[in-house]
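# Report on the structure
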Amino acid sequence: MSDWLNKLTTEHVRSLKPYESARRLFSANEGQNRTWLNANEAPEAPSFNISSELLNRYPDCQPHSLIEAYAQYAQVGQNQVLATRGADEGIELLIRAFCTPGKDSVLICPPTYGMYAISARTFNVGVKSVPTQSDFSINKEQVISESGHVKLVFLCSPNNPTGTLIPQDTIRDIAKAHAKTAIVVVDEAYIEFSQEYTASKLISEFDNVVVLRTLSKAFALAGIRCGFMLSSEAIKQVLLKVIAPYPVPDPVAQIATKALSEEGLSIMQERVAFLSSELKALSESLENIKQVELVGQQCGNFVLFKSPQNSDLMQYLVSKDMLIRDQSKQINLDKCLRITVGNQEQNNQVRALIEQFFDETTITESSESK
Ligand SMILES: *Cc1c(COP(=O)(O)O)cnc(C)c1O
């Protein structure tokens, strides 16, 4: 990079690297034959007919029928729903609205979703790390002891990539301890796979709890970039000060509203039931492989496992055009890989390839030892 551009770039941005998203590691445009089990996406896209009638007009900032549909689905008030450009934008808006750059910090509980820390760093906001305990439960006492020292507490339930849930009492205790000093953010990107554990009721009980949702996972709509934030009306009003004037493109609002119709919701529920049963089957068969150990829980649409040969296995799968996600760089996830549950054929394929890998390496090892 030229010297002047480097100098012009803010100091905190200069040291950043672009986020290694699943899509940046392996582009969707390269290799049509690849199997994509690395980004927790749904295996098949739903189809929609949309109208171009209003494409010459700027869309509403918060399209009414979309807000109405999501509020009804989430069983909260319309004044408690904010539509965003994916849950990722919700994370960013919270940081921009509540954290002063160079001064404030957010709290994360790794291993967890990477965007909380990445987003904070792009705004020169500090990141305090309170790692989870060995069973991936939240270290509640330590999160509570940070009260007064952070502005946002990010909790992810079901957590990506461990698939673990956070008990509602833990969220309550953390919200109480951080009352009046921080917002407690419960990221429920995968909640449709463990619906009964939603913390959505807590937004009415605590004025410092917000819940993040998305259409990217169970609704199979990662491509339209549509998410929601559930919160008190007061928090929503603060976020409306920083959100872009037109965050929800009209085609996105049309598709999302249809996905949230009665018919759309029943298709989503069927997809969730199918993927959950496939996940159970895939997890059970992985458990039967001697060199594989399941890690965490399976409360989302993915399974995390540990294997002593993790990097060879990863390389082998990539060489067979089977893409899964390496999680081994995260704290407490040494040698761990994550598989997104796909359709039946893809799940059978990934399982067969993993079995084949261990069969081959076991044969090599035993012939080498002769
Ligand atoms: C996928 C994911 C998101 C991002 O959702 P988008 O709506 O696609 O931005 C947020 N949080 C977690 C935990 C995720 O896994």
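Up top is the structure these notes are about.
Residues numbered from 1 in each chain as written. Predicted model: local features only at pLDDT ≥ 70, side-chain atom pairs only at ≥ 80, totals over all residues. Heavy atoms only, no water.

### Points about the nonpolar core
Nonpolar side chains tend toward joint burial in soluble globular proteins. Leu215, Leu260, Leu286, Phe305, Ile339 and Ile354 are the most contacted members of the largest nonpolar core, which has 76 residues in total. The residues contacting leucine 260, other than those within four sequence positions of it, are Leu66, Ala69, Tyr70, Tyr73, Leu215, Phe219, Phe228 and Leu265. Judged by nonpolar contacts, the second largest core, of 24 residues, contains Val106, Ile108, Phe154 and Ile183. (Core = buried A, V, L, I, M, F, W, Y, C linked by side-chain atoms within 4.5 Å. Buried < 20%, exposed > 50% of the residue type's maximum accessible area, 1.4 Å probe, protein only. Contact = heavy atoms within 4.5 Å.)

### Some remarks on the site of the ligand
For the ligand, the set of nearby residues contains 13 residues, the closest of which are Ala87, Asp187, Tyr190, Thr214 and Lys217. The backbone of aspartate 88 places a nitrogen or oxygen atom 3.0 Å from an oxygen atom of the ligand. One nitrogen or oxygen atom from the side chain of threonine 214 is found 2.5 Å from an oxygen atom belonging to the ligand. Burial of the ligand by the protein amounts to 94% of the accessible area it has alone, namely 390 Å². For the shell around the ligand, the residue count by class is five nonpolar, four polar and four charged. (Near = heavy atom within 4 Å. Polar contact = N/O pair within 3.5 Å; in protein donor to acceptor, adjacent residues only side chain to side chain. Areas by Shrake-Rupley, 256 points an atom, 1.4 Å probe, with all protein chains shown as cover. Nonpolar A, V, L, I, M, F, W, Y, C, P; charged D, E, K, R; others polar.)

### Comments concerning unusual backbone geometry
Between proline 110 and proline 111 the backbone carries a cis peptide bond, its omega angle lying at 5°. Within the secondary structure, proline 111 sits in the loop between strand 3 (105-108) and helix 6 (115-122). Note the cis peptide between asparagine 160 and proline 161, where omega equals 15°. With respect to the helices and strands, proline 161 occurs in the loop between strand 5 (152-156) and helix 8 (168-177). Of note, the phi angle at asparagine 40 is positive, near 55°, even though the residue is not glycine. Asparagine 40 sits in the buried class, given a relative accessible area of 1%. Positioned with a positive phi, asparagine 332 is a non-glycine residue whose angle comes to about 65°. (Helix = DSSP H or I, 4+ residues; strand = E, 2+ residues; numbered from the N terminus.)

### Examining helix 6
Looking at helix 6, one finds that the buried residues are Met115, Tyr116, Ala117, Ser119 and Ala120. If you follow the buried residues of helix 6, they end up packed against helix 5 (86-98), strand 3, strand 4 (126-129), strand 5 and strand 6 (183-187). Immediately beyond the C-terminal end of helix 6, within one or two residues, lies asparagine 124, with a positive phi of roughly 60°.

### Topic: the sheet that holds strand 5
Strand order in the open sheet formed by seven strands is 2-8-7-6-5-3-4, with mixed pairing between adjacent strands. Lying at the two open borders of the sheet, with one neighbouring strand each, are strand 2 (81-84) and strand 4. Going across the sheet, the axis of each strand differs from the next one's by a mean of 25°, ignoring polarity. Bridge count between strand 3 and strand 4: four bridges; the pairing is parallel. Looking at strand 4, one finds that leucine 107 is bridged to lysine 128. Across the sheet, helix 5 lies against strand 2, strand 3, strand 5, strand 6, strand 7 (209-214) and strand 8 (227-230), angled at about 150° from strand 7, the strand it touches most. Sitting on the sheet, helix 6 is in contact with strand 3, strand 4, strand 5 and strand 6, with an inclination near 150° to strand 4. (Pairing = 2+ DSSP bridges. Axes fitted to C-alpha atoms, helices over the stretch in contact; angles between N-to-C directions.)

### Description of the sheet that holds strand 13 (residues 336-340)
One open sheet holds the four strands; their spatial order is 9-10-13-12, and the pairing between them is antiparallel. Across the chains shown, the open sheet's two edge strands, defined by having one partner strand only, are strand 9 (293-295) and strand 12 (325-326). Relative to strand 10 (residues 302-306), strand 9 is paired through three bridges, and the arrangement is antiparallel. Paired with leucine 294 across the strands is phenylalanine 305, a residue of strand 10. Here helix 12 (residues 262-287) sits on the sheet and contacts strand 9, strand 10 and strand 13; the angle it forms with strand 10, its principal contact strand, is near 10°.

### Things to note about the packing of helix 5 against helix 6
Helix-helix packing is described using two parameters, namely the angle between the two axes and the distance between the axes. Relative to each other, helix 5 and helix 6 sit at 45°, their axes nearing to 10 Å. When the interaxial angle is binned, helix 5 and helix 6 end up oblique. Here helix 5 and helix 6 pass one another in a crossing that is right-handed. Residue-level inspection shows Asp88, Ile91, Glu92 and Ile95 of helix 5 in contact with helix 6, the latter providing Met115, Tyr116, Ser119 and Ala120. Here the residues of the contact of helix 5 with helix 6 are counted per class, giving five nonpolar, one polar and two charged. (Parallel < 35°, antiparallel > 145°, perpendicular 65-115°, else oblique. Left-handed = near helix turned anticlockwise from the far one by under 90°.)

Bear in mind that shape data such as this cannot, by itself, settle questions of function.
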